[in-house]
Amino acid sequence: MERAKIVENLTIIGALALFIVIGWSSWAVLNDLESEKPADITIKVIGRQFAWTFVYPDGTQSGELRVKAGQTVRLELTSEDVIHSIYFRDFGLKKDVVPGKTNVLYITPLVPGQYLIQCTEFCGEGHYSMLAWLVVES
Ligand SMILES: [Cu+2]
């Protein structure tokens, strides 16, 4: 076999191996993100133009998400109107909030403080104002 053909075959095999490694590791991360996990508290999150509402297990509602540091929080995300997307910038977490569907997102904030929650799906004229705070208490 001539040298060019050997290089060509090695390139194809190398690229294929690289795609398999990237695909496998991506699948593992995605599977971990999407799987059900034990949580300390479940909070319902309702998105609507142009505000977030957080509903706690005792039925109280708030415009801010208040949790304890170290708690694993299961967020059940629904929308009352259009598609929104909740984004915890400081945690690098984002999930679509879709009408008629319940998406789940887990967060475990460890450091007390205030963190911005944003909508990152253009949802209308007031999209820019669809902000809330995650308050992590010690
Ligand atoms: Cu929105």
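Peer 1: What is the right way to read the nonpolar core from this model?
Peer 2: Residues Val45, Trp52, Leu65, Leu77, Ile86 and Ile117 are the most contacted members of the largest nonpolar core, which totals 16 residues. Secondary-structure elements contributing two or more residues to this core are strand E2 (51-55), strand E4 (65-68), strand E5 (73-79), strand E9 (113-119) and strand E10 (131-137).

Peer 1: What should I look at first to understand the sheet that holds strand E6 (residues 84-88) in this one?
Peer 2: Strand pairing in a sheet relies on backbone hydrogen bonds, with the paired strands running either antiparallel or parallel. Ordered by their spatial adjacency, five strands build an open sheet running E4-E10-E9-E6-E7, and the pairing between neighbours is mixed. Among the strands making up the open sheet, the edge pair consists of E4 and strand E7 (93-97). Taken over all neighbouring pairs, the strand axes of this sheet differ in orientation by 20° on average, direction set aside. Relative to E10, E9 runs antiparallel, the two sharing six bridges. Residue pairing in the sheet places Gly113 in a bridge with Val136 of E10.

Peer 1: Got a minute to help me understand the environment of Val135 in this structure?
Peer 2: Among the secondary structure elements, Val135 is positioned in strand E10. Look past the residues within four positions of Val135 in its chain and what remains in contact with it is Glu64, Leu65, Arg66 and Gln114.

Peer 1: I keep staring at the pairing of E6 and nothing clicks. Help me out?
Peer 2: The side chains of a regular strand alternate, residue by residue, between the two faces of the sheet. Taken together, the five bridges between E6 and E7 define a ladder with antiparallel strand orientation. Its bridge partner lying in E7, Tyr87 is registered against Lys94. From the end of E6 to the start of E7, which pair antiparallel, there are four residues, and Gly92 there has a positive phi angle of about 65°. In the sheet, E6 pairs with E9 via three bridges, with the strands oriented antiparallel. Its bridge partner being in E9, Ile86 is matched across the sheet by Cys119.

Conventions adopted
Residues numbered from 1 in each chain as written. Predicted model: local features only at pLDDT ≥ 70, side-chain atom pairs only at ≥ 80, totals over all residues. Core = buried A, V, L, I, M, F, W, Y, C linked by C-beta atoms within 7 Å. Buried ≥ 20, exposed ≤ 12 C-beta atoms within 10 Å, placed from the backbone. Helix = DSSP H or I, 4+ residues; strand = E, 2+ residues; numbered from the N terminus. Pairing = 2+ DSSP bridges. Axes fitted to C-alpha atoms, helices over the stretch in contact; angles between N-to-C directions. Contact = placed C-beta atoms within 7 Å.

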